[in-house]
Amino acid sequence: MSRRNDALRAARLRAGWRTMEAAATRLTEHGQRLLGDAHFTVSPRTWRRWEGERPGWPPEETAIVLHDALGRWPEDLGFTAPAGWIRPEYQREDDVNRLRTFGSVTEAALMPGPVATQHVDPALIDYFQQQLEGHYRADMYLGPHDLIGTVSAQYQLIDKLVRSARGETRRGLLRVGAAYAALVGWLYQDAGDLGGAAFWRGVTQEIAVRSRDVHLIGYSLVNQAQVRTDLGDGHGVIDLCEAALDDSDRLFPKVRIMAMQQQAHGASLTGDRSTVDRLIDRADGLLPRVDDDLPWGNACRRTPGYLEVQRATCYGRLGLGHEAEALWTQVLAEVPATARRDRGVYLARHAAAAAAAREPDHAVEIAREAAAIAAETRSARMVRELRSLERLMRPWQDASVGRDLAEILVPVTEGN
């Protein structure tokens, strides 16, 4: 087996950098332009070490320059990530521009007051609730980018109305406003902007507390835990979910299910399989009791095999390839083709499970459909899952199946 860093060498040659000396020069020039730092330097000696047996790990700013120049993060270039490394989220320029057409991430939630007082009809609560359900369905079909502006603008209108409303009308608008803020947070998270997601999750929690609705407060804590899951912070996920469940006797079964399944994700991040199974089994026992008519948090009713999706995802994190692969086969048989975004994420995770189970041909077959959906929806979560698949497929990167995968992923991963 080669003792060189072949992944970095291959990326260098694809970039047209035929020698290590040329690569060091080009990366230095690229970094100085990107960072605006005339002192940024990568020496030929450093590059030779990177392509050797022990490449080490580059500083964070160098990792960013490598990604920008070669389209890959260091862990995809043969470097071994240190414990605790969380790579910066990256968005294509056109995605960033699309998000910014509606103003900054925070603008819709930070409208300065006072605003002109107006009459607020209680019927508006039902109007916004009905619109919310439509947004949930559209998210399944479209992905995040086409909805962020629409949903955040509606949140801004709700915030404006809250400032004029009184009594139960105001409380009702606060409740629906928290649900809209949660959806905006989710859209930013799916788009790969964890900073924007964290901001809007905080807005959700603020509005939930103002509404005095214990169920929404629990829901907002689970929303915060979702961001912690994407950050790889298992203990943070567990802390937030345990806080949500402190009042479990008062919570609707739906909120308890959400908190338990998210806590299972935290357990999977800490390597605790037995807790994963215990929490998901407990949540499964509550499913028949979900009977509220709230418009938010209904994935457990709307998503086929909802809890087995969570179990399969947790098993994938735990490296249980065969178990995860079997569960994904079962889940995907029930997911309608119309649920494009969810189906794409599940397929990417299924492909990763197949690779972990050492079934590379099956993994590539599954990845073909996932990549097509990722290119269409531009979901950062899907791209992240496909990156994980790339890493799991490294043992076959020089075989025909590895070359097939690289070709399939070009439209999705090139420039990401």
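Everything below is about the structure printed above this text.
First, a word on what this report is: a plain description of the structure on this page. If you're wondering where the values come from, they're calculated on a predicted model, not measured in any experiment.

**Here we look at the packing of helix 16 (residues 321-332) against helix 17 (residues 340-356)**
- Between helix 16 and helix 17, the least distance of the axes is 8 Å, while the angle of their chain directions is 150°. One finds that helix 16 runs roughly antiparallel with respect to helix 17. Helix 17 is crossed by helix 16, and the crossing has left-handed handedness. Here G321, A324, E325, W328, T329, V331 and L332 of helix 16 lie close against helix 17, whose contacting residues are R343, Y346, L347, R349, H350, A353, A354 and A356.
- Split into classes, the residues belonging to the contact of helix 16 with helix 17 amount to nine nonpolar, three polar and three charged.

**What to know about the state of the cysteines**
- As enumerated under the stated definition, the model contains zero disulfides in all.
- C300 carries a free sulfur, and the closest cysteine sulfur to it, the one in C241, is 15 Å from it.
- Of the cysteine sulfurs around C314, a residue in no disulfide, the closest is that of C241, at 11 Å.

**Overview of a negative patch on the surface**
- Together, D361, E365, D404 and E407 line one region of the surface with negative charge.
- Elements supplying a minimum of two residues to the negative patch: helix 18 (360-377) and helix 20 (400-413).
- Residue position: E407 is located in helix 20.

**Examining the packing of aromatic side chains**
- Counting across every chain of the model gives 10 aromatic pairs.
- Plain terms: the ring middles of W47 and W50 are 5.4 Å apart, the flat faces sit at 55° to each other, and that makes the pair tilted. In this pair, W47 and W50 are both assigned in helix 3 (residues 44-50), three residues apart and thus about one turn of the helix distant.
- With a relative accessible area of 0%, W47 lands in the buried category.

What counts and how
Residues numbered from 1 in each chain as written. Predicted model: local features only at pLDDT ≥ 70, side-chain atom pairs only at ≥ 80, totals over all residues. Heavy atoms only, no water. Axes fitted to C-alpha atoms, helices over the stretch in contact; angles between N-to-C directions. Helix = DSSP H or I, 4+ residues; strand = E, 2+ residues; numbered from the N terminus. Parallel < 35°, antiparallel > 145°, perpendicular 65-115°, else oblique. Left-handed = near helix turned anticlockwise from the far one by under 90°. Contact = heavy atoms within 4.5 Å. Nonpolar A, V, L, I, M, F, W, Y, C, P; charged D, E, K, R; others polar. Disulfide = S-S within 2.5 Å. Patch = residues over 30% accessible without salt bridge, like charges linked within 9 Å, V, L, I, M, F, W, Y side chains within 5 Å. Areas by Shrake-Rupley, 256 points an atom, 1.4 Å probe, with all protein chains shown as cover. Salt bridge = Lys/Arg side-chain N within 4 Å of Asp/Glu carboxyl O. Lys, Arg positive; Asp, Glu negative; His and termini not counted. Charge placed at Lys NZ, Arg CZ, Asp CG, Glu CD. Phe/Tyr/Trp six-rings, centres within 6.5 Å; stacked < 30°, edge-to-face > 60°. Buried < 20%, exposed > 50% of the residue type's maximum accessible area, 1.4 Å probe, protein only.

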